[in-house]
Amino acid sequence: RASGSGGVAPAPDTLLAPLLPIVQSIMVCNINFGLLMFAAAVIAAASADALPSFAVGLGDWVQKEAEVQPHSPETSSWTRLDRVVGDHRVTLTVALRVDTDRIAELERVLYEVSDPDQEKYGQHLTQQDVTALLAVPQERVEQARAYFVAAGADEVAVAPNSDMLTVTMSAAAAEAALNTRLHTFQHSEHASAAIVRAGAPYYLPAKVAEHVTMVGELLQFPRLPSKGLSNLKGSGQWPNSCEAQGCDGLVTPSVIAKRYKLPDEDVPAQATAANSMAVAEFQFQFFKDEDLKRFGDSCHRSVKVDHVIGEERQSGGVESELDIEYIKAVAPEIPLTVIYNGQYSLLNWTNQINSLESPPLVHSVSYGNDEAQQTSTEYMLTCNIAFMKAGARGVSILFASGDQGVCGREGCGYIKRRFKPDFPAASPYITAVGGTNFEGSTIGAESAWNNGGGGFSDTFAIPAYQADAVAAYKKSPDANLPPKQYWNSTGRGYPDVAALGGVKTPYCVEVGGMFQGVAGTSASSPVVAGVFAKLNGLRLSKGKPALGFLNPFIYKNPSGFQDVTSGVNNAGTSYGFSAIKGWDAATGFGTPDFKALSAVVMSMNGVRSEAAIIV
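In this text the structure is predicted, and so the values were computed from the model without any measurement.

Next up on the list: the overall build of the protein chain. Broken down by element type, the protein chain carries 16 helices and 25 strands. Within the protein chain, the fraction of its 615 residues that count as buried is 61%. A separation threshold of at least 6 residues defines the contact pool for the protein chain, and within that pool the share at least 24 residues apart is 80%.

As structure tokens, this is what we get:
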């Protein structure tokens, strides 16, 4: 737990030594190192399998991410199928170890350039600055690279920050290099979704393992949206501003604009060449230009994709077209990039954006999982480093908070009940977006969606920027907090903000020639991302820097949001977190008020800088 005590076990044997820098790094980043000590205690230093010829002389096998339990069909929505054929090409993201003091310095710089009260607010780093700050030794990079080359990799690409390798190799070569077995896994609800993951623990030789934090994503299984959140009907009693009859009673761009006080569509929006935004899409979630045009024509918005990174295919997906249609409905004047990742790899996605010389300034991501399920401490540390790198460069990252309330995908359990916080939503270094419904059947006050993700991390401590807000929530008698044994009272609270996303208020989305209702925080996140992209436009047009990592700004400016004071995210169970006045663990500070936020962001100081000086 974030409040727990722990320390480095005395007199570790030499095979545990490679794990110690990770323990120290996790302590710096407020990560639960108690769990990691369990991992250290059970780490397998060697397996029964003999070392392949290319690994001879590199030490015994050392198990990586040892705390992650093997895939279990009882708790996972993914089913293990056959072994991957040997000549099938796989791509691995190898996270190299970053030294403890460098992680601490990255975090310090992140807050320094992200806090509106700091002198260096807005003095974001360049990609080269981040590389210099991390200072990953070239010997570390080369030893890891050489190992995978010797193992038969087709290609090993070193990230610009020298902290990640992207390795392409055959499945057979990967199995030999990692002493594991690769399988295809199929999603139980989305039959077309298939991913390659390890069906057993994976290992690296000791002299390579000391340079590598983890290899991703061999053990992580993503949460996919439920099909129950699509093909929904609406009950809203407001005029249908879209020409499509299928949008009757559903949330449309004009509903969003009215509720969140966006500028009138007849008023030209601020557009600057420097502004940009992006959505992340994963396996088979493509888009059709024809769908986007039909939506835009019907709902009177300019909806198009300006750039694509990764594979592009004219095929409509519900999730991708929801993201695109509504981030552009909010901010049609801002160029949109779709960043596509063929596998569900969060690490690969973060590597994609951090490898760009000029990444889009705002990113919306509908991706997540329970902290406890298939998610290791090393994995979360690596993601957090990537999030901090992006934030230090002035990039805003927003994640959907999840669609299973306090119980997460894994469920709260029956005999030993426990809430299951989401990751990455509970990371301190991203902005988590929760879900709401309208209280009534008209456009007006909102209520927490009972299935909206929210709560307190079991892994990350309360960050300084939200300490006062969280303390006030826990002290309020209106919070009616759940029993203490169900949640971690010292963990990072989420979400930070919210937007419409509940099943009472599904969004009108055009997919494959049909208009349908779609709900979930996957709808909430692109809407809020679009709002912040518009705010960046206001600032950039006046020579001010982009907002960057948003949370320090959000927690200093709650007046920029419309408070949500009703509803409980209990997912239909007995307990959850209540929405009350001020910040809460169901809706954060509430939903955006663009008019109020515009005044705040334009009053803040900060001068655009091409580079920052790193001391």
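So much for the structure itself; the text now carries on.
Moving on: the pairing of strand β5 (residues 164-170). Within β5, six of the seven residues are buried, which leaves it mostly tucked inside the rest of the structure. In terms of strand pairing, strand β3 (residues 89-96) meets β5 through seven bridges, oriented antiparallel. Paired with L92 across the bridge in β5 is V167. One ladder, built from four bridges, connects strand β4 (residues 155-158) with β5; its direction is antiparallel. Looking across to β5, one finds that E155 is bridged to T168.

Applying the stated criterion across every chain, the model contains 23 aromatic pairs. Relative to F577, the ring of F456 lies with its centre 5.2 Å away and its plane at 70°, an arrangement referred to as edge-to-face. Taken as a pair, F456 in strand β19 (residues 455-461) and F577 in the loop between β24 (561-562) and β25 (591-592) lie far apart in primary sequence, 121 residues in all. By the burial criterion, F456 is buried, and F577 matches it. Judged by centre distance (6.0 Å) and plane angle (75°), the ring pair of Y465 and F549 falls under edge-to-face. Here Y465, found in the loop between β19 and α13 (467-475), pairs with F549, found in the loop between α14 (521-541) and α15 (551-556); they are 84 residues apart in sequence, far enough to count as distant. You'll find Y465 and F549 in the same group, each marked buried. Counting every residue linked through ring pairs, the aromatic cluster contains F419, F456, Y473, Y486, W487, Y575, F577 and W583. Residue placement shows R417 over the ring face of Y486; its charged tip is 5.8 Å from the ring centre.

With that settled, the discussion passes to helix α12 (residues 377-392). For α12, with 16 residues, the first-to-last C-alpha span of 22 Å sits near the 22 Å given by 1.5 Å per residue. Among the 16 residues in α12, 16 count as buried, and that is most of the element. Once α12 ends, the next one or two residues include G394, with phi positive near 90°.

Direction vectors running N to C along helix α10 (residues 318-330) and α14 enclose 30°, while the axes themselves pass 8 Å from each other. When the interaxial angle is binned, α10 and α14 end up roughly parallel. Two packed elements cross with a definite hand, and for α10 against α14 that hand is right-handed. Contacts between α10 and α14 pair E319, L322, D323, Y326, I327 and V330 from the former with S522, A523, P526, V527, A529, G530, V531 and K534 from the latter. Of the residues assigned to the contact of α10 with α14, the class counts are nine nonpolar, two polar and three charged.

So, about the sheet that holds β5. The antiparallel open sheet is built from four strands, whose spatial order is β4-β5-β3-β9. Each end of this open sheet is capped by a strand with a single partner; those strands are β4 and β9 (212-216). Averaged over all pairs of adjacent strands, the angle between strand axes in this sheet comes to 20°, irrespective of strand direction. Its contacts with the sheet put helix α11 (residues 346-354) on β3, β5 and β9, and the angle it makes with β5 is roughly 125°.

What follows deals with the state of the cysteines. Working definition: the covalent bond between the sulfur atoms of two cysteines is a disulfide. Inspection of every chain in the model, using the stated rule, returns three disulfides. Between C247 and C508 runs a disulfide, and the two sulfur atoms are separated by 1.9 Å. Negative torsions about the S-S bond denote left-handed disulfides, and the value of about -60° found for C247 with C508 makes this one left-handed. Separated by 261 residues along the polypeptide, C247 in the loop between β9 and α8 (253-259) and C508 in strand β22 (residues 507-511) bring together distant segments of the chain. Looking at C508, the relative accessible area reads 0%, which means it is buried. Here the protein chain pairs its bonded cysteines, counted in sequence order, in the arrangement 1-3, 2-6, 4-5.

Considering all chains together, one arrives at 22 salt bridges under this definition. Ionic pairing is found between E290 and R294, a salt bridge with its closest N-O pair at 2.9 Å. Of this pair, E290 and R294 both sit in helix α9 (residues 289-299), four residues apart, which is roughly one turn of that helix. Since its relative accessible area comes to 46%, E290 is described here as partly exposed. A cluster of three or more residues bridged by salt bridges with shared partners is formed by E290, D291, R294 and E510.

Attention now goes to the sheet that holds strand β6 (residues 182-187). In space, the three strands of this open sheet follow the order β2-β6-β7, with antiparallel pairing throughout. Only two strands of the sheet have a single neighbouring strand rather than two, namely β2 (78-83) and β7 (194-198). Recorded for the sheet is a direction-independent mean angle of 40° between the axes of neighbouring strands. Bridging between β2 and β6 involves four bridges; their strand directions are antiparallel. Note on β6: the bridge partner recorded for W78 is H187.

Across the protein chain, the average pLDDT comes to 88, with 87% of residues at 70 or higher. Within the model, the stretch residues 1-48 combines pLDDT values under 50 with 96 contacts to residues more than four positions away or in other chains.

As a further point, take the environment of E189. Tracing the backbone shows E189 in the loop between β6 and β7. The class of E189 is partly exposed, set by a relative accessible area of 32%. When the C-alpha atoms of E189 and S77 are compared, they prove to be 7.6 Å apart, with 112 residues separating the residues in sequence.

The rules behind each value
- Per chain, residue numbering runs from 1 following the sequence as it is written.
- pLDDT decides what is reported in this predicted model: residues at 70 or higher carry local features, side-chain atom pairs at 80 or more are listed and counted, and totals for whole chains, interfaces and linings draw on all residues regardless.
- With hydrogens and water excluded, all non-hydrogen atoms of the structure serve as input to the side-chain values.
- In DSSP terms, a helix is any run of H or I states spanning at least four residues, a strand is any run of E spanning at least two, and both are numbered starting from the N terminus.
- Burial classes: relative accessible area under 20% of the type maximum marks a residue as buried, over 50% as exposed, and values in between as partly exposed (1.4 Å probe, protein chains only).
- It only takes one pair of heavy atoms within 4.5 Å for two residues to be counted as in contact.
- Only strands that DSSP links by at least two bridges are regarded as paired with each other.
- Working definition: a ring pair exists when centres of Phe, Tyr or Trp rings (six-membered ring for Trp) sit within 6.5 Å. Plane angles under 30 degrees give stacked, over 60 give edge-to-face, the rest tilted.
- To sit over a ring, a charge needs its Lys NZ or Arg CZ within 6 Å of the ring centre and within 35 degrees of the ring normal.
- Expected helix span is taken as 1.5 Å per residue step, with the number of steps being one fewer than the number of residues.
- Interaxial angle, 0 to 180 degrees, is taken between N-to-C directions of lines fitted to C-alpha atoms, where a helix line uses only the stretch in contact.
- Every angle not falling under 35 degrees, over 145, or within 65 to 115 is termed oblique; those three ranges are roughly parallel, roughly antiparallel and roughly perpendicular.
- Should the near helix be turned anticlockwise from the far one by less than a right angle, the crossing is left-handed, and should it be turned clockwise, the crossing is right-handed.
- Note that Gly is not counted as nonpolar here; it falls among the polar residues with everything else outside the nonpolar set of Ala, Val, Leu, Ile, Met, Phe, Trp, Tyr, Cys and Pro and the charged set of Asp, Glu, Lys and Arg.
- Whenever a pair of cysteine sulfur atoms sits within 2.5 Å, that pair is classed as a disulfide.
- The term salt bridge refers to a pairing of a side-chain nitrogen on Lys or Arg with a carboxyl oxygen on Asp or Glu at a separation within 4 Å.
- Per-residue confidence from the predictor is reported as pLDDT, which spans 0 to 100.

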